[in-house]
Structures are given as C-alpha cells and as structure tokens.
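Overview (structure and organization)
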Amino acid sequence: MSETTTETASEPAFPLVRGRRRGYHRGAVDAFLENARRSFEGEDDEAGVTAAAIRSVSFPLVKSGYEVRAVDAALVRIEDAFAARERREALEAHGAQAWVERARDDAQVILERLSRARGHRFARVGWLRFGYRVDEVDIVTDKLIGYFERGVSVSVEQVRGVAFRMQRGGYREEQVDAVLDAVVDVMLAVR
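1. What about unusual backbone geometry?
Residues other than glycine seldom take positive phi values, yet Ser64 does so here, at roughly 60°. Among the structural elements, Ser64 can be located in the loop between β2 (61–63) and α3 (68–94).

2. Points about the side chain of Thr141
Relative to the helices and strands, Thr141 resides in helix α5 (residues 134–150). Note on Thr141: relative accessible area 3%, which makes it buried. Within the local environment of Thr141, its side chain forms a polar contact with the backbone oxygen of Asp138, the two atoms lying 2.9 Å apart. Beyond its immediate sequence surroundings of up to four residues, Thr141 is in contact with Leu114, Arg121 and Phe122.

3. Looking at the packing of aromatic side chains
Taken as a whole and assessed by the stated rule, the structure comprises seven aromatic pairs. The interplanar angle of 50° and the centroid separation of 5.0 Å between the aromatic rings of Tyr132 and Phe164 together place this pair among those described as tilted. With a gap of 32 residues between them, Tyr132 in strand β3 (residues 130–132) and Phe164 in the loop between α6 (156–160) and β4 (166–168) connect regions that are remote in the sequence. Here Tyr132 matches Phe164 in class, with each residue buried. Three or more aromatic residues joined by ring pairs make a cluster, and in this case those are Tyr24, Phe32 and Phe59. Its guanidinium or amino end placed over the ring of Tyr171, Arg124 lies 5.5 Å from that ring's centre, counting from NZ or CZ.

4. Thoughts on the environment of Leu75
One can find Leu75 in helix α3. It is 7.5 Å that separates the C-alpha atoms of Leu75 and Arg55, two residues lying 20 residues apart in sequence. Apart from the residues lying within four places of it in its own chain, the contact partners of Leu75 are Phe32, Leu33, Ile54, Val57 and Phe59.

5. Thoughts on α3
Helix length check: α3, at 27 residues, gives a terminal C-alpha distance of 38 Å against a target of 39 Å (1.5 Å per residue), a fit within 8%. Of all the residues in α3, the buried ones are Val71, Ala74, Leu75, Glu79, Phe82, Ala83, Arg85 and Ala90. With its phi angle positive at about 90°, Gly95 sits one or two positions after the end of α3.

6. Topic: the environment of Thr50
Relative to the elements of secondary structure, Thr50 occurs in the loop between α1 (26–40) and α2 (51–56). Exposure remark for Thr50: the relative accessible area of 31% places this residue in the partly exposed category. Once you skip the residues sitting within four places of it in the chain, Thr50 turns out to touch Phe82 and Glu86. One polar contact links the side chain of Thr50 to the main-chain amide nitrogen of Ala53, over a distance of 3.0 Å.

7. So, the confidence of the model for the chain
Predicted coordinates in areas of low pLDDT are best not read in detail. When pLDDT is averaged across the chain, the result is 87; 94% of the residues are at 70 or more. Every residue in residues 1–8 is under pLDDT 50, and counting partners more than four places away or in other chains gives zero contacts.

Thresholds applied
- Residues numbered from 1 in each chain as written.
- Predicted model: local features only at pLDDT ≥ 70, side-chain atom pairs only at ≥ 80, totals over all residues.
- Heavy atoms only, no water.
- Helix = DSSP H or I, 4+ residues; strand = E, 2+ residues; numbered from the N terminus.
- Buried < 20%, exposed > 50% of the residue type's maximum accessible area, 1.4 Å probe, protein only.
- Polar contact = N/O pair within 3.5 Å; in protein donor to acceptor, adjacent residues only side chain to side chain.
- Contact = heavy atoms within 4.5 Å.
- Phe/Tyr/Trp six-rings, centres within 6.5 Å; stacked < 30°, edge-to-face > 60°.
- Lys NZ or Arg CZ within 6 Å of the ring centre and 35° of its normal.
- Expected span 1.5 Å × (residues − 1).
- pLDDT = per-residue confidence, 0-100.

What follows is the structure, given as structure tokens:
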C-alpha cells in the first residue's frame, strides 16, 4: 500500500523554459502577481501596486523559470486593468476636466523633451559605455511627435514593444525608458 501525501505539486502559473534558456524566477513572479492581485481586489491597501509599478517590474532570469513572453503578456493585461482602475478612480475623485488637463500637461512635457534637436534629445553615456542607438531612438521619437502633434496612429503596444540596439556613446537608457513610460501613461490615460 502506497502512502499518499497531502501536498501536491501545484501547476506552474506559466509555461516553463526548457533546455539551456533562462526564464523569469518563478517565486519572484508568483509573489509579485499575488501582491498585485491583493492590491487590485482591495485586500492590501499597503501593497502600492500601480500601473507604472507593473510596467517597471523586473525579475531575475534563472534556469527552469517561467517563459518570459508569457509573463510579459500577462503583465501587459494586468497593467491595462490597473490603468483603467486608476483612471476611473481619478475621474470619480477629480472629474473629467482635471483628468484631461493632467494628461494634456503630461503630454506637453513629453513633447518638449521629444522636440529637441535630433541627436540631442537625451543625455549621452560616455564614449567607453554603451547606450541606446541615437538614430533609432530619434526615429521613434519622431513618430511620437507625430502622435502628439498630428494624431498619427501609434499604439500603446508599439511603444511598449520598442527595442533599441546599443552603441558606444549612445543615449542614456534610463532617460529614454522613463520618457517611453511617460508616453504609455499618457496613452493609457486618454484611452
């Protein structure tokens, strides 16, 4: 007669990587998602999870981790849900006019940054360090200028999915990423 255990291995929340590839640390992802769930459902007001926090979260890469694409896709959906809730709460608390004015002010600040001369829109790293390719960032910022000034079609997914190659003396990654995050915030605010 075999002994049964009360503990059963739970199914992983996402597909796992196979072979030599690395994926997101399962414990870190599971803990973050549980924290986000509690925050969204109002069980933990101290959690401090926001759409911006979801967009900027990062997880260690490990063997036998979760598939990166699957987790990232889930995070996009969760971010959208938090952004919609944040928008709804702000509209209820401050009204539509205040919400629109805030989004317009944020868009103006972003546009002022993006409208700088090509090659000078962001700070550069030193010549011995690598940063984002200046020409690629400038192409994306030109499209974003079109979005803000002329209503050229650019989707949130396009902004979220942008990736740049690296070059010596390129644009400082942190600045570019911060502006792209702000663009996503504005786009989600006016959805």
